[in-house]
Amino acid sequence: MIKKRSSVMWGFNLLSATRTLEKSMAFVLHRWLIYLGVGLAYIFGAIIGAGTTIGIGSLSSNPTAFAGTGAWIGMGVVGWILYKFRNGFLTGVQARNAALLGAEALREPVPKGKAQIDYARRRVAERLPPPPALSPLIAAIRSVASALPGWKEPAPQTLPQRWLLQAKGLLVTTETLTLLGYHFAQPANSFARSARDGLLLLAAHLPTILRNRLYLSGFGWLGCFAAFPVLLAAIQGILAGLPLDPGIWPYVFAFLLAWTIKAAFLDAIAMAAMLDLFLKLPAPENGSELSDALARDFPAFAGICAQTDI
């Protein structure tokens with residue numbers, strides 16, 4: 001609960017968010033398997049890339065000279081493929097998680113076990129527009145959210161100030177996923193209307209939201225770095241029998257696997273915590289004026305508003 005003049009520096013409850021997530025644990029495990037697949041895809045991309053360059057250089061005096069370069073290229077190819085399918089990942093994983101969190105916010109009964117996956121898929125199909133219509137709306141939300149930290153603020157004069165503003169913008173765009181959960185908690189709204197109302201809340205309460213998101217991001221990365229040494233020790237044990245020096249790659253692979261834990265579990269807890277916070281925020285008192293100002297300064301927001309009237 002958010003209180004003015006409170007000594008508490010954050011407005012979320014991690015314990016409550018974790019309990020909320022426990023109710024959809026079957027889907028969370030499904031989510032972890034997907035993220036684990038992503039992490040393993042990067043690892044196998046690196047191995048295949050390194051193996052390819054070693055094979056090409058097998059006739060040279062030092063076949064492993066460019067193995068590291070090939071590994072990075074292999075990971076880059078995997079990253080490019082995943083980027084191309086990012087919208088499918090959004091609707092297939094993150095939006096479905098948001099659908100379950102929205103249902104729990106409404107106190108709706110959520111199936112247990114594997115039925116959660118089908119339930120979440122069905123809810124996404126019912127409540128979100130098809131991908132050709134959804135992608136521009138998501139892009140518009142991200143565009144407005146990333147610009148909000150610098151809205152009506154003096155232009156940054158130094159390079160560190162510009163970097164800080166860009167970092168704030170990247171942090172705020174994370175709330176795109178919170179807005180997905182917000183939409184599923186508003187059963188009467190179209191997605192465009194939920195996006196408009198959610199961006200108004202974001203603009204009206206930006207310092208509170210930004211501060212809490214920063215804390216939750218720290219929580220996620222602390223968990224990631226806590227898992228890192230454990231996974232590193234396991235990977236170094238596995239690679240100890242190799243005749244080649246693996247160099248920095250055990251560290252890279254351990255980080256990728258630690259990231260899968262963060263992305264699957266800790267980010268899901270953060271999403272539940274932010275949605276709970278978001279749903280407790282009061283509507284802006286000057287909502288009409290704020291909406292007009294945002295529409296005037298951000299064409300993307302004006303486009304979202306236009307779709308609420310369709």
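Residues numbered from 1 in each chain as written. Predicted model: local features only at pLDDT ≥ 70, side-chain atom pairs only at ≥ 80, totals over all residues. Heavy atoms only, no water.

Chemist: Where do I start with the environment of S190 in this structure?
Modeler: In this structure, S190 sits in the loop between α8 (175-184) and α9 (191-204). Accessibility expressed as a relative area gives 38% for S190, which makes it partly exposed. (Helix = DSSP H or I, 4+ residues; strand = E, 2+ residues; numbered from the N terminus. Buried < 20%, exposed > 50% of the residue type's maximum accessible area, 1.4 Å probe, protein only.)

Chemist: Sorry, what's going on with the nonpolar core here?
Modeler: Burial of nonpolar side chains together is a common tendency in soluble globular proteins. Within the largest apolar cluster, 56 residues are counted, with the highest numbers of intra-cluster contacts made by L148, L202 and L294. With 10 residues, helix α11 (residues 249-280) is the largest single contributor of residues to this core. Beyond its immediate stretch of four places on either side in the chain, L148 contacts L202, A203, L206, L294 and F298. By size, the runner-up hydrophobic cluster in this structure holds 22 residues, among which are I43, V78, F253 and A258. (Core = buried A, V, L, I, M, F, W, Y, C linked by side-chain atoms within 4.5 Å. Contact = heavy atoms within 4.5 Å.)

Chemist: Would you take a moment to explain the pattern of salt bridges for this structure?
Modeler: Tallying each qualifying case throughout the model produces 8 salt bridges. Between D197 and R196 there is a salt bridge; the shortest N-O distance is 3.1 Å. Owing to a relative accessible area of 18%, D197 belongs among the buried residues under this scheme. Judged by relative accessible area, R196 falls into the buried class, the value being 18%. D267 serves as the salt-bridge partner of K262, at 3.0 Å between the closest nitrogen and oxygen. For D267, a relative accessible area of 26% corresponds to the partly exposed category. (Salt bridge = Lys/Arg side-chain N within 4 Å of Asp/Glu carboxyl O.)

Chemist: What am I meant to see in the packing of aromatic side chains here?
Modeler: Aromatic ring pairs are defined here through the distance separating the ring centres and the angle between the ring planes. The final tally for this structure, using the stated rule, is 10 aromatic pairs. Note on W72 and W249: the rings are 4.7 Å apart at their centroids and 45 degrees apart in plane angle, and the pair reads as tilted. Placement of the pair is W72 in helix α3 (residues 67-84) and W249 in helix α11, with a sequence separation of 177 residues. Its relative accessible area of 45% is what places W72 among the partly exposed residues. When the centroid spacing of 5.6 Å and the interplanar angle of 75 degrees are considered together, the rings of Y182 and F278 count as edge-to-face. Taken together, the residues span a long stretch of sequence, with Y182 in helix α8 and F278 in helix α11 at a distance of 96 residues. Given a relative accessible area of 9%, Y182 falls into the buried group. Taking relative accessible area as the criterion, F278 reaches 1% and is therefore assigned buried. An aromatic cluster is present here, built from Y35, F89 and W259 joined pairwise through their rings. The ring of W221 is capped by K262, whose NZ or CZ atom sits 4.5 Å from the centre of that ring. (Phe/Tyr/Trp six-rings, centres within 6.5 Å; stacked < 30°, edge-to-face > 60°. Lys NZ or Arg CZ within 6 Å of the ring centre and 35° of its normal.)

Chemist: It is not clear to me how the side chain of R127 should be interpreted in this structure. Could you clarify?
Modeler: Tracing the chain through its elements places R127 in helix α5 (residues 115-127). One buried charged residue, R127, remains without a salt bridge, the closest side chain of opposite sign being E126 at 7.0 Å. Discounting chain neighbours no more than four positions away, the residues touching R127 are H183, F184, Q186, P187 and N189. (Lys, Arg positive; Asp, Glu negative; His and termini not counted.)

Chemist: I would appreciate a short explanation of the packing of helix α6 (residues 131-147) against helix α7 (residues 159-173) in the present structure.
Modeler: A pair of packed helices can be characterised by two numbers: the angle between their axes and the separation between those axes. Two elements in contact, α6 and α7, have axes separated by 7 Å at closest approach and are oriented at 140 degrees. In terms of orientation, α6 lies oblique with respect to α7. The two elements α6 and α7 meet at a crossing, and its hand is right-handed. When α6 is examined against α7, the residues R142, A145 and S146 are found in contact with a partner set consisting of G169, V172 and T173. When grouped by side-chain class, the residues that make up the contact of α6 with α7 number 2 nonpolar, 3 polar and 1 charged. (Axes fitted to C-alpha atoms, helices over the stretch in contact; angles between N-to-C directions. Parallel < 35°, antiparallel > 145°, perpendicular 65-115°, else oblique. Left-handed = near helix turned anticlockwise from the far one by under 90°. Nonpolar A, V, L, I, M, F, W, Y, C, P; charged D, E, K, R; others polar.)

Chemist: Sorry if this is basic, but what is going on with the environment of L206 here?
Modeler: Following the sequence through the fold, L206 ends up in helix α10 (residues 206-239). In this structure L206 comes out as buried when scored by relative accessible area, which is 11%. Contacts of L206, omitting those with residues within four sequence positions, involve L148, P149 and V172.

Chemist: Can you help me understand α11 in this one?
Modeler: Along an α-helix, residues three or four apart share an orientation, since each turn contains 3.6 residues. Between its first and last C-alpha, α11 extends 45 Å over 32 residues, near the 46 Å set by a 1.5 Å rise per residue. Along α11, the sharpest change in direction is near 35 degrees and occurs at A263. Most of α11 sits inside the fold, with 23 of its 32 residues counted as buried. (Expected span 1.5 Å × (residues − 1). Bend = angle between axes of the 7 residues up to and from the residue.)

Chemist: Is there a simple way to think about the environment of I48 in this case?
Modeler: Structurally, the position occupied by I48 is in helix α2 (residues 25-56). Taking the C-alpha atoms as reference points, I48 and A226, 178 residues apart in sequence, are found 29 Å from one another.

Chemist: Can you help me understand the confidence of the model for the protein in this one?
Modeler: Regions with low pLDDT should not have their predicted coordinates read in detail. With 94% of its residues at a pLDDT of at least 70, the protein reaches an overall mean of 88. Per-residue pLDDT stays below 50 along residues 1-7; that stretch engages in 5 contacts with residues further than four places along the chain or on separate chains. (pLDDT = per-residue confidence, 0-100.)

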